[in-house]
Structures are given as C-alpha cells and as structure tokens.
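In case you want the letters, here they are:
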2 protein chains.
Amino acid sequence: MASIRDVAKKAGVGVGTVSRALNGTGYVAEDTRAKILAIAEKLDYQPNELARNLFRNRTGIIGIVVPDMENPFFSKLLKHMEIQLYKNGYKAMICNTIEISNREQDFIDMLRQNVMDGIITGAHSLQDYAYLNLNKPVVAMDRNLGPGIPMIHSDHKAGGRMAARLLLDAGCRNVLNFGGSFRVHTPSNDRHQEFKQVMEENGASVKTIEMAWNMMEYDYYCRIMEQYMDIYRDIDGVFTTDIGALYCLNIANQRGVKVPEKLHIVGYDAVDMTRLFTPKLTSIAQDIPGLATACVDTMMDLLDGKKVEMEQILPVSIQKGGTV
Amino acid sequence: MASIRDVAKKAGVGVGTVSRALNGTGYVAEDTRAKILAIAEKLDYQPNELARNLFRNRTGIIGIVVPDMENPFFSKLLKHMEIQLYKNGYKAMICNTIEISNREQDFIDMLRQNVMDGIITGAHSLQDYAYLNLNKPVVAMDRNLGPGIPMIHSDHKAGGRMAARLLLDAGCRNVLNFGGSFRVHTPSNDRHQEFKQVMEENGASVKTIEMAWNMMEYDYYCRIMEQYMDIYRDIDGVFTTDIGALYCLNIANQRGVKVPEKLHIVGYDAVDMTRLFTPKLTSIAQDIPGLATACVDTMMDLLDGKKVEMEQILPVSIQKGGTV
DNA sequence: TTGAAAGCGCTAACAC
DNA sequence: GTGTTAGCGCTTTCAA
C-alpha cells in the first residue's frame, strides 16, 4: 500500500506538500498540485485513516446500542440512524445487548478508548451509572441516564392515553395491560400508568402485567401471551407492544374469539408488519425516522460542542386498524 | 485523559515497562508490575486504541453490508453476525446500501483506508468489479464476486425444489413465481429456475415475475402483489419471499379467496413473523444463525491467513404451516 | 529486568 | 509556495 511518502518521493516534493495538495488545505502551486494528484492516482494512493485518526483524535464512528436489533422497532430505528449518520459523514458501529451480559459496559469502555466518538443508546440495561462521568458524547433514547445526558423519546404518556381512549370508545371494561419491567424506569413505561389511569377514571378495570426487562424474542411474547390469555379469560381488551398484540390476535383466532367483536386489541409502535394482518392491527405509532434523526442531530451537536435540549419529546399517532 | 506516559512518570519507570506490564508481554518484575497496575487503576488509565491501531495496522472492525437491515431476514442475520463477531473479539460496522447510490463503493473505500479489517457483504449491488484486486478480506453472502472471494449461501436450488414439491402435492397446476431481479446473478435466484423446472416437469404452468433488484420495502411488496394478483386471477399457487407471501395471504383474505383451499402459498426464509399468522405461513427456512456463523468464521480464517472453502452451501428446511 | 528510542502514517506549525 | 520536523500514543526492538 502506497504511503504519502511514496507519493512525495515520486513527485519530488515533501510530504507536507502532498498532504496540502490532497486535502486542499494551504497553498500549493497549480502545476505541483496537478502532478501530485496524477501520481497519487497512478500509485492508487489511499490515505491511512488510522494515522489520521490518531492525529485528529477521532474516528468518525458512532456506536449504537440496542437491546435486540432483530426486533422490528429497533431494526428500523437502527437503519434510519445509520442513514442519518452517513449523511453527516459518520459511520455506525452496532451493539446488541441482550443475551450477552456486560455487553454494554464493554461498549462504553470502547468509547473511553477512542474506538468511537460517541454513543447513542437505546438499551434497557440496568447499570445506568456506567454512563456517568464519562465526559464523552452520549445520547439516550427512551432512557434517563441522569443529568447531563440528553434524552429523546416519544410522547409515551399521550400514547397511553390514546390507547385507553380507543379501548374505552370500543366499550372495554376489563383489560390487560402488558408493560415492560418496572425495575428499569424508562419514559416508554410511562404509557402504562397513563393508560391505567384513564381506564380507571372511566370505570374500567385494568390488570397490569410486568414483562421481563431483557426479553424481546418472539417465543417469549408467545409464551407470556398464551399464559395470561389463559388466566384472564374474561377480558375484553388488550394493550401491549405490537408483537405481543399480534400473538394475542393469533391466539384469539385459534380459540375462535372474534376480534374486534369479543376482544379489542391495541398495539404499540405500529411497525410495518402490523399492516400485513387481516384485520390490520390498531396501534399507537412512534415516529421512528423522527426519533433516529433527533438522536443523530443531537449527537452531531454534542460533537460540535453546541448546547442541546436535555429532553426531546416526539408526538405519537394512531394507526387505524381493525382490531378495535 | 491519562496517557501511558503519565502512568510511567508516576510509577517512575519507562513507558516500555508500563506497556509490557499492562499487556502481559515480556518480563516485568512482580513488584514493578503491581505498582504499575495500581497507578494505572488510580489514574483511570485507558489505552488509546487509535495509537494501538496505527501501530498494529488493524482496527478489529468488520464491515457488514446489507441491502436493507429493516428486512427481517437481514436484521436477524446482522444480529447473529454481530454476536458472532463479538465472540471473536471483533466489532461490527454496518452499511445499508439501498436508497443511497454508491454507498457500497464508499464502504469499500473505507476498507482500503484501513477503517476496517474486512467486509462481509450480503448486498445486491450491481457493481461487482469493485471488490476485485482489493487484496483485503472479503466474504460474500449469497453473491458471487468472482474468483478468490469466498461465497456462502443456502442451498437455494434444493429450496426451490422443495417449494415446487409442496405446491405440486397440494394439487397446484398454475402458479405465480416471484423472483429477484435477473440482472444480478445470485445463488438465491437459482431457486426460481429449479422451482420452475420441477413444476413444469410435472405438467404445471409457471408464470415467473421479475422484481426490482433494489426494492425491499413493505409498500413495494404490497403494490407488486396486488398488481399481479389482479392480472392473474386464475392461479392456484404462489411462491415468493415471506413478506410478499404474507401480502398475498392478506389480499386473498380481503378478497374472500380461501387459503389454502383455493390458493396455496409457499414463502421463502421463514422469518419469525410468519409464525404470527393464522394460518402460519408454510415457508422454506434458511438457517440464518448458521449463515452468520459461517460468514464470520470464514472472515476469521481469512484474517488469520488460513485457506478457506470458496463455496459453502448450507441446507434449507421446510417450515410446515397452514398455507399449503 | 528495564529504559531509551525508533517507528506506525499522517497533519500542521514553522522556517526558508 | 514548499520542505522539514515535531508530534498524535502506543508497541517493540535493542542495549544496558
């Protein structure tokens, strides 16, 4: 691999001149520049990013932490973040945290070792303290990592209220409410309190079920849905994330329980696959591209040393379907 | 941020000794080592990876290129690759190629600039030549990038034959066969020739429809399925990738066409969400974790300078469902 | 067993 | 305008 020295030698100039010519920084005579460019081309010269990185003390890489990128919400989020980062000249390094303990800490260590320039985290880990006193750019999605770390999330409280309204309008009196683990306080969990409150204010009864904090797999949703649909046979409504809601629909179909006549279902996230079902799932939609853009823009501001909003809340909306 | 010099100074030793002590390479007296470790700890010293990378001329990063990581097949593949890379001490940098032209070339340039140590590509790009004469580790999934680049894919030919067998056994005589673009020759496209051949050998008629090479979005599948289900109203079977198959099921449901009585559907990939439908989608399953492991293991061998198989073919299997 | 010193390939400051 | 040089922070000879 040709180095800048090879180019300089062949062009009969110093390395500084080559650097200036190739980067367009500082003065270089027009014919010197042309000669250097031609020789760089001929030698197929590629600047070594490793050396540049060391000098500049940056890599142009942003780490993205998610619990499970197989989950459609996170895969879409990740995709949009990656595209957004690319548009800003950055690269995306990824990290799945569930299934491997301590994964997130390893990733944070890499940030301290200058492997990447910043981290956007959407993980549900328990060890929030690890991000404190890091003094490096960190953006938290749906997670409160303490003072100084900007936080971006959907308006989950409004989402919870919308879901309650939908079920109440459909006449539900007795509903199941599947929430994430309460061991981790996240903005997204707020929707369940709001949901419960609105339902109860209107005289409906709500059973709230706590799910495991680190389980996102299809099989887990399947098991837990079957279990609770067995225990609570008299319910007339369910509010849970999309995959859970779809399993619920599936189980109802298999048991001959008519949806939405006998059972009303509202999902959360409104991921694309909910549109494949007949009836389409009624669900509260998060603005995933918007969240991705907000996270990336905030990261860029942090990298530029600008001041950023400490909490950004994006609106949610209703995906009208046929399950309510 | 404390550097190795700070540690050396505070410990009253040379930087070389600190390096040897911390890395466990070469001789260091026991008490010198203990003292160095203690001081490194107290100073919260973190070795700068940038400097290490420059010296070693490696980053420990592998790039993974996929057309669309929102597609459930690729999101699962990516997840397993990332986990597998982690187990081997490597990090994963990602790149979505569709929607942005030239994305893949940019990524290849980064490989040449030592941003990463190798690339695993599962993209459907048209410009295969870009990988030639690269002299860096490249592993191709479902893609033939020419001599010298190992290729890993499922036994798609067998998959095509299995699908044909399923539809023939169900009595199909007149089927729709949605294939990827024929402008790019990929092993995964082979399934459609095999499918067609087996169907026709058994007296059935096959309409093969070519899809766009770079479209993976839900809306595209929706449009194309509606379009062809309209044109060919007399078909009794469909073979296509899962999402297409699920839209097909959806359209059949809306039109009151009974599945599997009047229309038989076989998907491809058997991604998790196909299990959420009632009936479950009958589909040809690829071994996604197996593909991910094979790709990563092959990459590790290339990095170690070992000899690798130039073509690895993994078996497919049938996911029994209720759509056939 | 240890310290000093030579790079890894690049950029930028500073002479000329 | 251009060449020389001093680092960026680390690892690894090589002498001592």
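Every chain begins its residue count from 1, and numbering advances along the sequence as written. Each chain is given a letter, starting from A, and each ligand a number, starting from 1, according to the order in which they appear as written. Reporting in this predicted model follows two pLDDT cut-offs: at least 70 for local features of residues, and 80 or more for side-chain atom pairs to be given and counted; totals over whole chains, interfaces and linings ignore these cut-offs and use all residues. Heavy atoms throughout the structure, all of them, feed into the side-chain values; hydrogens and water do not.

### Thoughts on the interface of chain A and chain B
Any two residues whose heavy atoms approach within 4.5 Å at even a single point are treated as in contact. Taken together, the contacts link 56 residues of chain A with 56 residues of chain B. Note: buried area is the sum, over both parts, of the accessible area (probe 1.4 Å) each one loses when the two are combined. Area buried by chain A at its contact with chain B is led by Leu50, Lys79 and Leu276 of chain A, which between them contribute 14% of it. Basic side-chain nitrogens of Lys or Arg form a salt bridge, by our definition, when they fall within 4 Å of a carboxyl oxygen of Asp or Glu. Our enumeration of links across chain A and chain B arrives at 12 salt bridges. The salt bridge partner of lysine 79 of chain A is glutamate 70 of chain B, with a shortest N-O separation of 3.0 Å. The definition of a polar contact used here is a pair of N or O atoms within 3.5 Å, where within protein one atom must be able to donate a hydrogen and the other to accept one, and adjacent residues in sequence count solely through side-chain atom pairs. Taken together, the connections running from chain A to chain B amount to 28 residue pairs in polar contact (both at pLDDT 80 or more). The helix and strand labels rest on DSSP assignments: H or I over at least four residues marks a helix, E over at least two residues marks a strand, and numbering proceeds from the N terminus. The set of elements that each furnish at least two residues to the side of chain A that touches chain B consists of helix 4 (49-56), helix 5 (72-87), strand 2 (91-96), helix 6 (103-112), helix 9 (218-231) and helix 10 (242-255) of chain A. It is helix 5 of chain A that provides the largest number of residues to the side of chain A that touches chain B, a total of eight residues. Pairing geometry for strand 2 of chain A and strand 2 (residues 91-96) of chain B, over three bridges, is antiparallel. Its bridge partner lying in strand 2 of chain B, methionine 93 of chain A is registered against methionine 93 of chain B. By the convention used here, strands pair only if DSSP detects at least 2 bridges between them.

### A closer look at the protein's contact with DNA strand C
The criterion for a residue being near a molecule or strand is simple. One of its heavy atoms has to lie within 4 Å of it. Ile4 and Tyr45 of chain A together with Thr17, Ala29 and Thr32 of chain B are the nearest of the 24 residues found near DNA strand C. Take the atoms of DNA strand C that sit within 4 Å of the protein: sugar and phosphate atoms are 68% of them. Asparagine 48 of chain A is positioned with one of its backbone polar atoms (N or O) 3.1 Å from a phosphate oxygen of DNA strand C. Of the residues belonging to the surface near DNA strand C, the class tally is 12 nonpolar, 10 polar and two charged. Residues are sorted three ways: Asp, Glu, Lys and Arg are charged, Ala, Val, Leu, Ile, Met, Phe, Trp, Tyr, Cys and Pro are nonpolar, and all the rest, Gly among them, are polar.

### A few points about the domain arrangement of chain A
An automatic or database domain assignment supplies the start and end points of every domain. Looking at the assigned domains, one finds that chain A contains domain 1 (2-46), domain 2 (54-152 + 287-313) and domain 3 (154-285). A straight line from the C-alpha centre of domain 1 of chain A to that of domain 2 of chain A covers 37 Å.

### A few points about the packing of aromatic side chains
Residue and element names in this part refer to chain A. Any pair of Phe, Tyr and Trp rings, taking the six-membered ring for Trp, is counted once the centres come within 6.5 Å. Such a pair is stacked with planes under 30 degrees apart, edge-to-face with planes over 60 apart, and tilted for the rest. Throughout the structure, instances matching the rule amount to 13 aromatic pairs over all chains. Where phenylalanine 73 meets phenylalanine 74, the ring centres are 5.1 Å apart and the plane angle is 85°; that geometry is what we call edge-to-face. When its relative accessible area of 5% is taken as the criterion, phenylalanine 73 is described as buried. Buried residues are those whose accessible area, probed at 1.4 Å on protein chains only, stays under 20% of the maximum for their type, while exposed residues exceed 50% and partly exposed ones sit between those limits. For phenylalanine 74, a relative accessible area of 4% translates into the label buried.

### Brief notes about unusual backbone geometry
Here threonine 278 of chain A and proline 279 of chain A are connected by a cis peptide whose omega angle stands at -5°. Its location among the elements puts proline 279 of chain A in the loop between strand 9 (264-269) and strand 10 (283-285). Residue proline 260 of chain B follows valine 259 of chain B across a cis peptide bond; omega there is 10°. Inspection of the secondary structure assignment puts proline 260 of chain B in the loop between helix 10 (242-255) and strand 9 (264-269). Its identity as a non-glycine residue notwithstanding, asparagine 57 of chain A has a phi of 55°, on the positive side. Mapped onto the secondary structure, asparagine 57 of chain A falls in the loop between helix 4 and strand 1 (61-66). Taking the relative accessible area as the measure of exposure, asparagine 57 of chain A reaches 45% and is therefore partly exposed. Within the chain, aspartate 269 of chain A stands out as a residue other than glycine whose phi angle is a positive 110°. Tracing the backbone shows aspartate 269 of chain A in strand 9.

### What to know about helix 7 (residues 156-169) of chain A
Since the α-helix advances by 3.6 residues per turn, residues separated by three or four positions end up pointing in the same direction. Residue and element names in this part refer to chain A. If you check helix 7, its first and last C-alpha atoms are 20 Å apart, about what 14 residues at 1.5 Å a residue would give, namely 20 Å. Taken together, the buried positions of helix 7 are His156, Ala158, Gly159, Gly160, Ala163, Ala164, Leu166, Leu167 and Leu168. Positioned one or two residues after helix 7, glycine 171 has a phi angle of 95°, which is positive. Any helix carries an expected span of 1.5 Å times its number of residues minus one.

### Side note on the pairing of strand 3 (residues 118-121) of chain B
All names here are of chain B. Side-chain alternation along strand 3 places Gly118 and Ile120 on one buried face and Ile119 and Thr121 on a second face that is also buried. For strand 1 (residues 61-66) and strand 3, the ladder comprises four bridges, and the chain directions are parallel. Within the sheet, the bridge partner assigned to isoleucine 62 lies in strand 3 and is glycine 118. Summarising the sheet, strand 3 and strand 4 (residues 138-141) pair through three bridges and their orientation is parallel. Residue threonine 121 lies in a different strand from strand 4, and its bridge partner there is alanine 140.

### As for the environment of asparagine 189 of chain B
Residue and element names in this part refer to chain B. Within the secondary structure layout, asparagine 189 lies in the loop between strand 6 (174-179) and helix 8 (190-201). It is 9.9 Å that separates the C-alpha atoms of asparagine 189 and arginine 143, two residues lying 46 residues apart in sequence. Apart from the residues within four sequence positions on either side, asparagine 189 is in contact with Gly179, Gly180, Ser181, Phe182 and Val184. There is a polar contact of 3.2 Å between the side chain of asparagine 189 and the backbone nitrogen of glycine 180.

### Digging into the sheet that holds strand 11 (residues 311-314) of chain A
Strands sit in the order 11(A)-5(A)-4(A)-3(A)-1(A)-2(A)-2(B)-1(B)-3(B)-4(B)-5(B)-11(B) across an open sheet of 12 strands; the sheet is mixed. Single-partner strands in this sheet number two, and they are strand 11 of chain A together with strand 11 (311-314) of chain B. Along the sheet, successive strands turn relative to each other by an average axial angle of 20°, direction set aside. A fitted line through C-alpha atoms represents every axis, and for helices the fit uses only the stretch in contact; the resulting angles, taken between N-to-C directions, go from 0 to 180 degrees.

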